[in-house]
Amino acid sequence: MDTNHNDTPATPNPSQETVLTDLAFARLGLDERIQRGLDEASFSHCTPIQAKTLPIALAGRDVLGQARTGTGKTAAFLLAVFQKLLDSPSEKSGRNPRSIIIAPTRELAIQIHKDAESLGQHAGLTTLLAYGGVDYQRQKDAIAEGVDILIGTPGRLIDFLKQGIYDLKSIEVAVLDEADRMFDLGFIADIRFMFRRMPSTDQRQCLMFSATFPLKVTELAYEHMQDAETIRIEEEQMTTERVKQVVYYPANREKLPLLYSLLKERTSAHTMVFVNTRHGADTVARTLKANGMNAAMLAGNVPQAKRQKLLKRFHDGEIDVMVATDVAARGLHIPDVSHVINYDLPQDAADYVHRIGRTARLGASGDAISFACEDYAFYLPEIEAYIDLELPVMNHDPDALPTLERPPPRKKTSNSGKHGRSRSGGQRRR
């Protein structure tokens, strides 16, 4: 994790003071090797979720934590995992992992691993990744050689587990990140499969984090945790006050010209545009590019290697507009996203919160613009009820909207016409 990717802000500045607490990491009694990693990453003080969960987790208790995305959950559980393993007896049980961190998406697993490599660079612990789409044999061979902390998505983790590449009998601390997203993506049977193969709840620690707490997450916690301490941060405030939220009511035919106009007005913006379908995202991205916009598309059918390159280019500022389906709505730590535009309103109110959580991260401010069009406007009342806020309505002049150049026809491939959901590495992708 470089300083641009910090899940926790380094030191307070005027725009970030509100998201840091007075609790310094140096006061937590962390192992000196962990503290060195924090110091070198310029991490000084805890965010609220870290300040409330770390003392409990470091004492060995199970924690069920709720906080919005971008508030420092990753560092909270990583530091607890590092300390737990460093405090344990030095002899290891063979080559099997002592901690497992399960994430719903490849991007989130990759980000967690990157953060672990940075914060734990002096801890002497081996951290490895297991996720679908790439590096199958390389991942398999690396895990077979031995690992302390195994990070991955359910499908690939279970694949290697069933082959006997590793087992879960030596797990000392298990982490489940974005637990509510696991349900959304249909992974809950996979999660239970893995938990049943770990030591009993009184023989291991469990840390579970989630942006929302649906009943199914609570049931999972009761089933696989022991006397978990529940921590909720800003539960009453579903969306941050630092995000300026507005809504437009365009006709369907007006959506692309309106989007283009809004983007042209914000030439210095770093914008994510969310669309509900792959086909729609492809159309939006190609139309923007045909009209001179520096845009790219991120969706589940984009190959993994290309997705990682696109995210890096977007992070580095080489791409101004990232058009995405909900595959990118959660778990990605992309700093400096100034605007989120819901080209399509999400069909689930919770997804609205996750989407706009891409901006105003860790004390920054941002804008969230939504289109309540003919197809999706009826989802708006549910969203407003969920966030307890009536979105201000912005007007536009349909006659003033530009006429856009159409993108060139997409070339047909041998796979054309093969659509629908796919599963690779344990992920159902949108």
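Residues numbered from 1 in each chain as written. Predicted model: local features only at pLDDT ≥ 70, side-chain atom pairs only at ≥ 80, totals over all residues. Heavy atoms only, no water.

Caption draft 1: Just the sheet that holds strand S13 (residues 366-371), in detail. The strand order S8-S13-S12-S9-S11-S10 describes an open sheet built from six strands, whose pairing is parallel. Edge positions in the open sheet fall to strand S8 (243-248) and strand S10 (295-298), since each of these has one partner strand only. Going across the sheet, the axis of each strand differs from the next one's by a mean of 20°, ignoring polarity. Pairing geometry for strand S12 (residues 339-342) and S13, over four bridges, is parallel. Within the sheet, the bridge partner assigned to Asn342 lies in S13 and is Ser370. In the packing of helix H10 (residues 255-265) onto the sheet, contacts are made with S8, strand S9 (271-274), strand S11 (321-324), S12 and S13, and the angle to S13 comes to roughly 165°. (Pairing = 2+ DSSP bridges. Helix = DSSP H or I, 4+ residues; strand = E, 2+ residues; numbered from the N terminus. Axes fitted to C-alpha atoms, helices over the stretch in contact; angles between N-to-C directions. Contact = heavy atoms within 4.5 Å.)

Caption draft 2: Layout of helix H4 (residues 106-119). In this model H4 runs 20 Å from its N-terminal to its C-terminal C-alpha over 14 residues, within 8% of the 20 Å that 1.5 Å per residue would give. Counting buried residues along H4, eleven of its 14 residues qualify, which places the element largely inside the surrounding structure. (Expected span 1.5 Å × (residues − 1). Buried < 20%, exposed > 50% of the residue type's maximum accessible area, 1.4 Å probe, protein only.)

Caption draft 3: Structural view of the sheet that holds strand S7 (residues 229-232). Read from one edge of the open sheet, seven strands run S3-S4-S2-S5-S6-S1-S7, paired in parallel fashion. Whereas interior strands pair on both sides, the edge strands pair on one side only; in this sheet they are strand S3 (127-130) and S7. Within this sheet the neighbouring strands show an average axis-to-axis angle of 15°, counted without direction. Packing against the sheet, helix H2 (residues 48-58) makes contact with strand S1 (63-66), strand S6 (205-210) and S7, and its axis sits at approximately 170° to S7.

Caption draft 4: Representation of the packing of helix H3 (residues 73-87) against H4 in the model. Where H3 contacts H4, the two axes come as close as 10 Å, and the packing angle between them is 55°. Considered as vectors, H3 and H4 are oriented oblique to each other. In terms of crossing hand, the pair formed by H3 and H4 is right-handed. Of the residues in H4, those touching H3 at Thr74, Ala75, Phe77, Leu78, Leu79 and Phe82 are Ile112, Asp115, Ala116 and Leu119. Residue composition of the contact of H3 with H4, by class: eight nonpolar, one polar and one charged. (Parallel < 35°, antiparallel > 145°, perpendicular 65-115°, else oblique. Left-handed = near helix turned anticlockwise from the far one by under 90°. Nonpolar A, V, L, I, M, F, W, Y, C, P; charged D, E, K, R; others polar.)

Caption draft 5: Focus on the pairing of S11. Across the two faces of S11 the burial is the same, with Val321 and Val323 and Met322 and Ala324 all buried. Looking at chain direction, S9 and S11 are connected through four bridges and run parallel. Bridge pairing links Phe274 to Ala324 in S11.

Caption draft 6: Geometry of the nonpolar core. In this structure, Leu259, Val273, Val284, Leu288, Val323, Tyr343 and Phe371 are the most contacted members of the largest nonpolar core, which totals 55 residues. Take this core: its biggest share by element is six residues, from H10. In this structure, Val323 is in contact with Val273, Val275, Ala281, Val284, Ala285, Leu288, Ala296, Met297 and Leu298, ignoring residues within four places of it in sequence. If you look at the next biggest cluster of nonpolar residues, it comprises 46 residues, including Leu23, Ala57, Phe77 and Ile233. (Core = buried A, V, L, I, M, F, W, Y, C linked by side-chain atoms within 4.5 Å.)

Caption draft 7: Representation of the pairing of S12. What you see with S12 is no split at all: His339 and Ile341 on one side and Val340 and Asn342 on the other are buried throughout. Relative to S12, S9 runs parallel, the two sharing four bridges. Residue pairing in the sheet places Thr271 in a bridge with His339 of S12.

Caption draft 8: Main features of the pattern of salt bridges. Counted by the stated rule, this structure contains twelve salt bridges. The partner of Arg98 in a salt bridge is Glu172, and the shortest N-O contact between them spans 2.9 Å. Linking Arg98 in the loop between H3 and strand S2 (99-102) with Glu172 in the loop between helix H6 (154-162) and strand S5 (173-176), this pair joins segments that are 74 residues apart in sequence. Comparing Arg98 with Glu172 shows no difference in burial state: the two are buried. Linking Glu223 and Arg192 is a salt bridge whose minimum nitrogen-to-oxygen distance equals 2.8 Å. (Salt bridge = Lys/Arg side-chain N within 4 Å of Asp/Glu carboxyl O.)

Caption draft 9: How the structure looks around the packing of aromatic side chains. This structure, assessed with the given rule, holds seven aromatic pairs. For the pair Tyr343 and Phe371, a centre-to-centre distance of 6.0 Å together with 55° between the ring planes defines the contact as tilted. On the criterion of sequence distance, the pair formed by Tyr343 in the loop between S12 and helix H13 (349-356) and Phe371 in strand S13 is long-range, its members being 28 residues apart. Comparing Tyr343 with Phe371, the two get one shared label, buried. Between Phe378 and Tyr379, the aromatic rings sit 4.5 Å apart at their centres with planes inclined by 40°, giving tilted as the arrangement. Relative accessible area serves as the criterion here: at 18%, Tyr379 is assigned to the buried category. Pairwise contacts between aromatic rings join Tyr248, Tyr343 and Phe371 into one cluster. The ring of Phe193 has Lys162 sitting right over it, with the charged end atom 5.2 Å from the ring centre. It is Lys255 that lies over the ring of Tyr343; its NZ or CZ is 4.2 Å from the centre. (Phe/Tyr/Trp six-rings, centres within 6.5 Å; stacked < 30°, edge-to-face > 60°. Lys NZ or Arg CZ within 6 Å of the ring centre and 35° of its normal.)

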